[in-house]
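# Analysis of the macromolecular model
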Amino acid sequence: MRSTLKKAAVLVAGAAAFAMLAGTAQADPTVTPATGDIVGVGSDTTQDVVQTLGDLYNAKTPTPASKVYSWHATGGGTITPKAGAPTITRPNGSSAGISALIADGAAHNIDFARSSRTPKTDGSEANYAFIEFARDTVTYATATTSNVPTTLTTDALNKIYKSAAGSADCTYTAYLPQAGSGTRAFFLASIGVTTPGTCAKDTFAGAPVQEHSAAPLVGDPNAIAPFSVGRAVGITTIKVNTVDDSVRPVGLPANVTARVNPADGQAVTTGGVVAYDRPLFNVIRKADKTVSKFSAFFGSLGYICTNANSKNAVKAAGFRLSTNCGVDRN
């Protein structure tokens, strides 16, 4: 009982710290980051927690010489990442953020990209370190009142998302996030779909479906969409459901899954939901791994991985701590 209460107290304390910062934080930096600051773009999944981690880091004593700032994926339009940098289209999603980092070359107008997908295997990202910092789970979400079963197999999801509109396998209104979304890429890989069928829709109300938007699901009892369990915490208009990975398409290797509590995203041994488990990354240039200002924040001995406030913020955001925190997975 003591350990359970202690764990609950830690999560409450972390949630309080997270809420305090989130209550005052803006969607983007409220100052123009300096040339030597550490500036990131990319994933919608981690935009809030990375901003909070940066806020905590910037507020520590002594004040870091290089502060951390994170531009949100959402908001549209253009951004000027830091002082003296060219204006660019706001990167929306993991792949868009990584592409912007690569396009920046050695200029360091962008220093890192938030990513909820793993590195590509085609060599195009070989010079970039995917530094793991947390774990997340992804499943399918529905409206709170829904005709969709609360458990679907990986095989069933595969058939839905690769099927043609109007076919027998197109059982539900299947949404996908916008192109470039890390959650989209991870979910499709998990269910074994390379090219979605016409049953899958990535537009809603005439616009691309924004990753982790509940809008396409609310009020539609037949709608499903991939969703991060961590990002779904606190959204009362939807529910996250269980995937049964014991039934998979022929040839698809078993996925890593985790059982988590939808109320806080943390691991449980019974109850909760079972979902596809994934790492979350901050992507930097491999050459920057040994540069002190980067290792002090991203490294295994750095702020994210060792500071108690940082760990509490990760959990309060609905994600789990990683035993590989600070490790380059590329």
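Residues numbered from 1 in each chain as written. Predicted model: local features only at pLDDT ≥ 70, side-chain atom pairs only at ≥ 80, totals over all residues. Heavy atoms only, no water.

Scanning all chains against the criterion turns up one cavity of 30 Å³ or more. What the largest cavity holds in volume is close to 50 Å³. Every residue lining the largest cavity is counted, 13 residues in all, and those nearest its centre are V209, Q210, S213, A225 and P226. Among the elements that take part in the lining of the largest cavity, strand 12 (residues 223–228) stands out by supplying three residues, more than any other. Residue composition of the lining of the largest cavity, grouped by class: nine nonpolar, three polar and one charged. (1 Å grid on protein atoms, 1.4 Å probe; cavity = no way out; pocket = protein on both sides within 12 Å on 5 of 7 lines; lining within 4 Å. Points joined across faces, edges and corners; volume = space filled by probe spheres on them. Helix = DSSP H or I, 4+ residues; strand = E, 2+ residues; numbered from the N terminus. Nonpolar A, V, L, I, M, F, W, Y, C, P; charged D, E, K, R; others polar.)

Bringing the packing of helix 2 (residues 47–58) against helix 9 (residues 308–316) into the picture now. Between helix 2 and helix 9, the least distance of the axes is 10 Å, while the angle of their chain directions is 160°. Of the possible angle classes, the one that applies to helix 2 and helix 9 is roughly antiparallel. Along this stretch, helix 2 crosses helix 9, giving a crossing that reads as right-handed. For the pair helix 2 and helix 9, contact is made by V49, T52, L53 and L56 and by N309, S310, A313 and V314, respectively. Each residue belonging to the contact of helix 2 with helix 9 can be placed in one class, and the counts come to five nonpolar, three polar and no charged. (Axes fitted to C-alpha atoms, helices over the stretch in contact; angles between N-to-C directions. Parallel < 35°, antiparallel > 145°, perpendicular 65-115°, else oblique. Left-handed = near helix turned anticlockwise from the far one by under 90°. Contact = heavy atoms within 4.5 Å.)

Turning next to the state of the cysteines. Applying the stated criterion across every chain, the model contains two disulfides. A sulfur-sulfur distance of 2.1 Å marks the disulfide that ties C170 to C199. Measuring handedness by torsion sign, the sulfur bridge of C170 and C199 sits at about 85° and is right-handed. In this pair, C170 sits in the loop between helix 4 (154–162) and strand 8 (173–175) while C199 sits in the loop between helix 5 (182–191) and strand 9 (200–201), placing the two residues 29 residues apart along the sequence. You can call C199 buried: its relative accessible area is 1%. C305 shares a disulfide with C325; S-S distance 2.0 Å. Looking down the S-S bond of the C305 and C325 bridge, the torsion is -85°, so its handedness is left-handed. Remark: C325 occurs in the segment after helix 9 and C305 occurs in helix 8 (residues 303–306); sequence separation between them is 20 residues. Given a relative accessible area of 12%, C305 falls into the buried group. Sequence-ordered numbering of the disulfide-bonded cysteines in the protein chain gives the connectivity 1-2, 3-4. (Disulfide = S-S within 2.5 Å. Buried < 20%, exposed > 50% of the residue type's maximum accessible area, 1.4 Å probe, protein only.)

Here the focus is the pattern of salt bridges. Tallying each qualifying case throughout the model produces 15 salt bridges. Here D44 makes a salt bridge to R231, at a shortest N to O gap of 2.6 Å. Placement of the pair is D44 in the loop between strand 1 (38–42) and helix 2 and R231 in helix 6 (residues 229–232), with a sequence separation of 187 residues. Taken individually, D44 and R231 each receive the classification buried, so the pair is uniform in this respect. (Salt bridge = Lys/Arg side-chain N within 4 Å of Asp/Glu carboxyl O.)

This brings us to the nonpolar core. In terms of nonpolar packing, the biggest core is built from 25 residues, with V49, L53, F133, F297 and F298 touching the most fellow members. Counting only elements with at least two residues in this core, the list comes to helix 2, strand 6 (128–143), strand 16 (273–285), helix 7 (292–298), helix 8 and helix 9. Examining the composition of this core, we find that five residues originate from one element, helix 2, more than from any other. For F297, the residues in contact, after removing those within four places along its chain, are L53, G54, Y57, V68, G302, Y303 and I304. In terms of nonpolar packing, the next biggest core, distinct from the first, is built from 20 residues, V138, I160, V193 and V243 among them. (Core = buried A, V, L, I, M, F, W, Y, C linked by side-chain atoms within 4.5 Å.)

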